[in-house]
Amino acid sequence: MSEGTDRDRSKRDKRNLARKRRGRWWILLIASVLAVIVAGTIAYRWLKGHRAERFAAAGEALVAADKWNDAAVQYRVALQLDPSNYHGLSGAARLASKAERPEALELWQKVLALPQCTIRDREDYAELLIKTNRLNLAEKVIDPLLKDNPDTKALQLAARYSRKIGDNVKASEYLRVASKRTPDDDAPRFQLAEVLAQSTDAADQAEARKILWELAARPNVYKKAAVEALAAAPELTTDERKRLLQELTALTPKTAKDDLLAADMRIQLQPDEAARVYREEVDRWRNGQSQELLDLARWLNAHQQPELVLSTFPIERTLEDNQLLLARLDALATLQRWNDIDGALDRTDVTLDPSVIESFRARTALERNANLDAEVHWNHAISLAASDPYKLRFVANFAEQSRATAAALKAYEQLARFPEHADFAYRGTQRVSQRSGDTAVQRTAMSKISARAPEDPNAADQLAYLNLLLGEDVDQNFAVAKKLAEQYPSRLSYRVTTALGYLRQHDPASAMAQFKGPVSIDWKRTLPAWRAVYAAALLASDRNDEARDIIATIPRDQLNPQERELIESPQRSN
């Protein structure tokens with residue numbers, strides 16, 4: 001009995017052992033298969049990633065060779081193989097930025113989400129945001145770049161951003177720091193000169209010229225740009241003009257633009273020789289290339305030499321180049337030869353776009369005081385250009401330059417229907433309305449800009465400012481202004497709007513408090529409108545002498561009626 005039991009137990013043990021062995025074998029087999037699958041997947045992903053890197057590298061090489069379309073194909077393949085490939089995404093983002101493609105923003109956002117994202121990537125993304133006026137996003141990208149020992153490019157980007165929001169004082173501060181950080185890099189110094197040259201303060205303008213002269217003395221990439229900038233600078237001394245003439249004459253290779261700038265210097269030094277200089281320039285460039293001919297024609301028009309334009313560029317010659325034809329039409333307009341303009345436009349061999357022809361017909365009608373005819377032609381021009389934003393840009397700009405306010409506003413309104421051109425259109429509307437002194441139209445344009453970019457604090461601030469100027473919805477707009485000033489205490493523009501809100505609330509003491517801070521404000525370097533609000537706060541606080549000093553620095557023609565009213569009728573502000 002016991003022997004049988006032992007045999008049964010032995011058999012069971014053997015079966016269990018065999019079962020365990022089979023189980024281990026199956027486990028080992030499954031594990032091996034899984035390992036092979038995992039290894040295969042890893043290998044496949046590695047191969048795909050490796051191939052993606054190769055395509056991305058090919059794209060980079062094609063970009064360097066200026067073969068953008070071919071490069072785009074390589075980047076596309078790279079991202080199809082590996083959608084999160086860093087080099088593919090960053091390369092595609094930079095290419096899309098260069099080509100001004102709308103997908104650039106989405107590509108950069110994907111780059112920023114990767115662990116490989118670099119400071120250079122963030123700087124390039126910020127550069128795109130500034131270029132496309134997405135200033136709220138740009139600020140969020142730039143601020144972290146400025147916190148820990150920012151490099152020169154970060155400081156330059158901060159300066160560009162500051163200039164975009166109208167804070168040239170802050171822009172110059174960033175550029176000064178950048179210049180000190182990299183004394184051998186002339187880029188920030190040239191940009192600093194550009195900012196200072198825009199100031200109304202004589203000391204800033206003098207510093208700008210000093211920097212430009214230093215750059216002009218160096219044989220580098222900024223020498224030519226500095227010389228050209230100096231040639232356009234106002235209030236040059238006789239010695240400076242003589243020196244500039246020498247510098248312009250020595251430039252190589254010399255372009256028509258440089259030679260014409262040198263001619264400007266000769267005319268300024270010897271005004272009695274102007275007629276001879278004009279003839280010499282005509283003889284030198286009348287047989288030049290297309291761009292040289294156009295530069296010559298525009299230069300002669302700028303110097304009020306329409307007869308020379310007409311004799312140098314007869315109608316048959318200008319028919320070969322529409323830009324040159326436009327220069328001839330401008331010369332005829334200067335001479336008020338409206339019949340000749342109509343005759344030129346009636347020719348069957350004129351190839352100007354119909355919207356351009358109608359714009360000129362509108363201008364001639366306007367100059368003849370035929371306002372109804374002008375309105376018909378403006379409407380026709382806008383209608384003909386309605387489907388093409390670039391034609392609309394021309395009509396809007398032409399109407400603006402012709403002081404046809406209603407037509408310019410209508411053309412910009414049509415242009416705003418194209419999303420990618422809307423910001424340009426609204427800012428054109430704001431500019432035209434500002435020149436006309438119509439603050440209500442400015443407010444309408446800014447309300448549309450703000451609606452398109454509800455997260456942009458600058459648009460919100462400007463809208464609140466215009467509403468407060470008009471005295472509309474004071475409590476609501478004052479609340480917006482205060483909130484922005486609290487969020488961004490370093491922004492003088494926001495504090496100016498808040499100060500205006502306090503003035504509308506009859507609280508001059510609180511208005512004055514907005515101008516107190518750790519850093520004193522150099523009012524001569526601020527916008528005229530900001531000075532007007534500050535002067536109004538001084539007047540409302542019975543600090544009349546100080547107010548008069550500020551008011552003396554304000555060019556009244558740069559203020560709209562409501563801003564002039566602030567400093568002309570202080571009793572209305574308090």
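Whatever comes next refers back to the structure up there.
Our subject in this report is the structure included herewith. (Residues numbered from 1 in each chain as written. Predicted model: local features only at pLDDT ≥ 70, side-chain atom pairs only at ≥ 80, totals over all residues. Heavy atoms only, no water.)

### Some points on the overall build of the protein
- Counting its regular elements, the protein contains 32 helices and zero strands.
- Counting the 574 residues in the protein, one finds 45% classified as buried.
- Contacts spanning at least 24 positions in sequence make up 50% of the contacts within the protein whose residues lie at least 6 apart.
- For the protein, the accessible area works out to roughly 30500 Å², and carbon and sulfur atoms hold 51% of it. (Helix = DSSP H or I, 4+ residues; strand = E, 2+ residues; numbered from the N terminus. Buried < 20%, exposed > 50% of the residue type's maximum accessible area, 1.4 Å probe, protein only. Contact = heavy atoms within 4.5 Å. Areas by Shrake-Rupley, 256 points an atom, 1.4 Å probe, with all protein chains shown as cover.)

### Observations concerning the layout of surface pockets
- Estimated volume of the second largest pocket: approximately 1000 Å³.
- Lining the second largest pocket are 29 residues, with Thr132, Asn133, Arg134, Glu420 and Asp423 positioned closest to its centre.
- Looking at the lining of the second largest pocket, the elements that each hand over two or more residues are α4 (104-112), α5 (119-131), α6 (135-147), α22 (389-401), α24 (422-436) and α25 (439-452).
- For the lining of the second largest pocket, the element with the most residues is α24, which contributes four residues. (1 Å grid on protein atoms, 1.4 Å probe; cavity = no way out; pocket = protein on both sides within 12 Å on 5 of 7 lines; lining within 4 Å. Points joined across faces, edges and corners; volume = space filled by probe spheres on them.)

### Some thoughts on the packing of helix α12 (residues 238-250) against helix α13 (residues 256-269)
- Viewed as axis vectors pointing N to C, α12 and α13 meet at an angle of 150°, and their least axial separation amounts to 9 Å. For the element pair α12 / α13, the angle class is roughly antiparallel. Here α12 runs over α13; the crossing is left-handed. Only Asp258, Leu261, Ala262, Met265, Arg266, Gln268 and Leu269 of α13 make contact with α12, whose side of the interface consists of Thr238, Arg241, Lys242, Leu244, Leu245 and Leu248.
- In the contact of α12 with α13, the residues fall into seven nonpolar, two polar and four charged. (Axes fitted to C-alpha atoms, helices over the stretch in contact; angles between N-to-C directions. Parallel < 35°, antiparallel > 145°, perpendicular 65-115°, else oblique. Left-handed = near helix turned anticlockwise from the far one by under 90°. Nonpolar A, V, L, I, M, F, W, Y, C, P; charged D, E, K, R; others polar.)

### Quick word on unusual backbone geometry
- Here glutamate 100, not a glycine, exhibits a phi torsion of approximately 55°, which is positive.
- Following the sequence through the fold, glutamate 100 ends up in the loop between α3 (86-98) and α4.
- One non-glycine residue, histidine 506, lies in the positive phi region at around 60°.
- Tracing the chain through its elements places histidine 506 in the loop between α28 (492-504) and α29 (508-513).

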